[in-house]
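Structural features, examined
Here's the letter readout for the chains.
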Amino acid sequence: MAVSAAAPDWAAFRAGFPALSADAVYASTAGGGPVSSRAAAAARRYFDEAEAEGDAPWGRWLERVDGVRARAAALIGAEAGDVAFLGSASVALNVAAALLAPGDRVLTVDGEFPSVTLPFVARGCRVEAAPLGPRGTPDLEGLAEALSRGAAAVAVSHVQFRTGRRLDLAALGRMARAAGALLVVDATQSLGAQRIDAPGWGISVLAASHYKWLCAGYGAGTAYLAPELRRRPSPVMGWRSAEEPYALEPFAARPAATAVRLEMGHPPFAPIFALGGALAHLAETAGGGEGPGAVARGVAAVEARILTLGEALRGRLAALGGPAPLAAAEEGGIAVFPCADPAGTKARLAAAGVSASASAGHVRLSLHAFLREDEAARAGEALVAALA
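Once a new chain begins, its residue numbering starts again from 1 and follows that chain's sequence as written. Local features in this predicted model are restricted to residues whose pLDDT is 70 or higher, and side-chain atom pairs enter the listing and the counts only when it is 80 or higher, whereas totals over whole chains, interfaces and linings include all residues. Side-chain metrics rest on all non-hydrogen atoms present in the structure, leaving aside hydrogens and water.

In contact at an axis separation of 8 Å, helix α8 (residues 269-285) and helix α9 (residues 291-319) are set at 75° when each is read in the N-to-C sense. Classified by the interaxial angle, the pair formed by α8 and α9 is roughly perpendicular. Taken together, the residues of α9 that come into contact with α8 (itself represented by L279, L282 and A283) are G291, A294, V295, G298, V299 and V302. Angles run from 0 to 180 degrees between N-to-C directions of axes, and those axes are lines fitted to C-alpha atoms, restricted for helices to the stretch in contact. Numbering of helices and strands starts at the N terminus; helices are DSSP runs of H or I of at least 4 residues and strands are runs of E of at least 2. Each angle gets one of four labels, with under 35 degrees taken as roughly parallel, over 145 as roughly antiparallel, 65 to 115 as roughly perpendicular, and the rest as oblique. Contacts are assigned to residue pairs with any non-hydrogen atoms lying within 4.5 Å of each other.

What follows is the structure, given as structure tokens:
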């Protein structure tokens, strides 16, 4: 008989983040999330072992990396062999660009984050942006029409940083497959906060840094490489990329059959172990257990929790006659508000005890599952006062 998972323990989830305080609202995860105690302890353990034992734990470290790899794969509905750990999302997106040829046509959306587009521009690809509709709505029909005229790839962020809008990756995947194009996705603003089905949605390459919604700090990123791409010549190669890395063959460029082929050198152990600690914290407090299955349950619970917090924020804004964010609550945890003075508004929010992030013409409140509903409402009150 199946045993049902325990209900998420949001108080325990919150308690794992020492940076959170009772008198301040951390609403800037879209800029950078707090690091959990479990993540910090896991990274610290590596340095403690290296200090005490030198390189002797090497084999244990590699086994630990593969354990984190399995849990990271559960975040995106993939297998462990589909996942590589690289230095950042930008590294993975440059790998994706290397799969194309100079002159290839690449489609994106207007206002994309530079990390998504610049690798393809530098590669010499022809990058074209489809315009956004009202309130920053992605124009999928426009992308479909552009795809019908031929393209090598579609490169987009899952959640748009300027608007908080979430793209329908399943629909984009169908469109890209029909056109014979790759779908390249930056999931830095969604991984750990929203369910993702990379194989089911037809994603070719997915990249995400760990320092935002995963709350695991800087220094590494997760990359997904679809199995069919691993039948192509590898765009990168290093000694660790090889099918038999410890054979140390200097002239046999035979890449590994898994996504590990992208890991050219030694793993960035500490940041990877920090991710493992963050995912363990997520699994135990939000997923009600351990292992990859609990990680997947935890992400589903976090997504639902963020929706509840978004409704609390929007409800308070509506009650006070404040502005509505560009994206709907169900699109994710980033609430973006156009304003004339983003820097000043951010400073006034900070003075009221609410952290936020700002960019040209906008201020963002980002609500992670560690917040309480009363804090989400308080962020709305502070925003109305700051804009006034």
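Next, the rest of the story.
We now examine the sheet that holds strand β5 (residues 153-157). Ordered by their spatial adjacency, seven strands build an open sheet running β2-β8-β7-β6-β5-β3-β4, and the pairing between neighbours is mixed. Of all strands in the sheet, those with a lone pairing partner are β2 (83-86) and β4 (126-130), marking the two edges. Between one strand and the next, the sheet's axes are offset by a mean angle of 20°, whatever the strand orientation. Bridge count for β5 against strand β6 (residues 182-186) is five bridges, and the pairing is parallel. Looking at β6, one finds that A155 is bridged to V184. Against the sheet, helix α4 (residues 89-98) contacts β2, β6, β7 (205-209) and β8 (221-225), and its axis sits at roughly 160° relative to β7. Across the sheet, helix α7 (residues 169-179) touches β5 and β6, and the angle it forms with β6 is around 155°. For two strands to be treated as a pair, DSSP must find at least two bridges joining them.

A cluster of nonpolar residues, W239, Y246 and L248, forms a patch on the protein surface that exposes about 350 Å² of accessible area. Along the chain, W239 falls in the loop between β8 and α8. Residues with no salt bridge and a relative accessible area higher than 30% make up the patches, which join like charges within 9 Å and nonpolar side chains (Val, Leu, Ile, Met, Phe, Trp, Tyr) within 5 Å. To measure how exposed things are, a 1.4 Å probe is used in the Shrake-Rupley method; for residues, cover is taken only from the protein chains shown. When a carboxyl oxygen of Asp or Glu is within 4 Å of a side-chain nitrogen of Lys or Arg, the pair counts as a salt bridge.

With that out of the way, let us pick up the nonpolar core. Formed by 96 residues in total, the largest nonpolar core has its most connected members in I76, I203, L349 and L365. Leaving out residues up to four positions away in the same chain, I76 has contacts with V83, L191, I196, D197, A198, P199, L206 and Y224. For this analysis, a nonpolar core means a set of buried residues of the types Ala, Val, Leu, Ile, Met, Phe, Trp, Tyr and Cys, connected via side-chain atoms within 4.5 Å. Classification of residues uses two cut-offs on accessible area relative to the type maximum, computed with a 1.4 Å probe and protein chains only: under 20% is buried, over 50% is exposed, and between them is partly exposed. By size, the runner-up hydrophobic cluster in this structure holds 27 residues, among which are F120, A155, A207 and A259.

Glancing now at the side chain of T345. Relative to the elements of secondary structure, T345 occurs in helix α10 (residues 342-351). Taking the relative accessible area as the measure of exposure, T345 reaches 1% and is therefore buried. When neighbours within four sequence positions are excluded, T345 is seen to be in contact with C339, V363, L383, A386 and L387.

A helix is expected to reach a length of 1.5 Å times the quantity of its residues less one. For helix α2 (residues 37-53), with 17 residues, the first-to-last C-alpha span of 24 Å sits near the 24 Å given by 1.5 Å per residue. Residues of α2 that are buried include every one of A39, A42, A43, Y46 and E49, and no others. All buried residues of α2 lie within an arc of 115° about the axis, which places them on one face of the element. Of the exposed residues in α2, those oriented more than 90 degrees away from the buried face are E51 and A52. Directly after α2, the chain includes G54, whose backbone phi takes a positive value near 70°. Summarising the geometry, the arc corresponds to the directions from the helix axis toward the C-beta atoms.

A separate point is the pattern of salt bridges. In this structure the tally under the stated criterion is 21 salt bridges. With a shortest N-O distance of 3.1 Å, R64 and E49 are connected by a salt bridge. In this pair, R64 is assigned in helix α3 (residues 58-74) and E49 in helix α2, connecting sequence segments 15 residues apart. This pair shows no difference in class: R64 is buried, exactly as E49 is. Several salt bridges converge on common partners, so that one network encompasses R14, R372, D374 and E375.

The three strands are arranged β9-β12-β11 in an open sheet whose pairing can be described as antiparallel. In the strand order of this sheet, the two ends are held by β9 (334-338) and β11 (357-359), each with one partner. Geometrically, the sheet is characterised by an average inter-axis angle of 25° between neighbouring strands, direction not taken into account. Here β9 runs beside strand β12 (residues 362-366); their pairing, made up of five bridges, is antiparallel. Residue pairing in the sheet places V336 in a bridge with R364 of β12.

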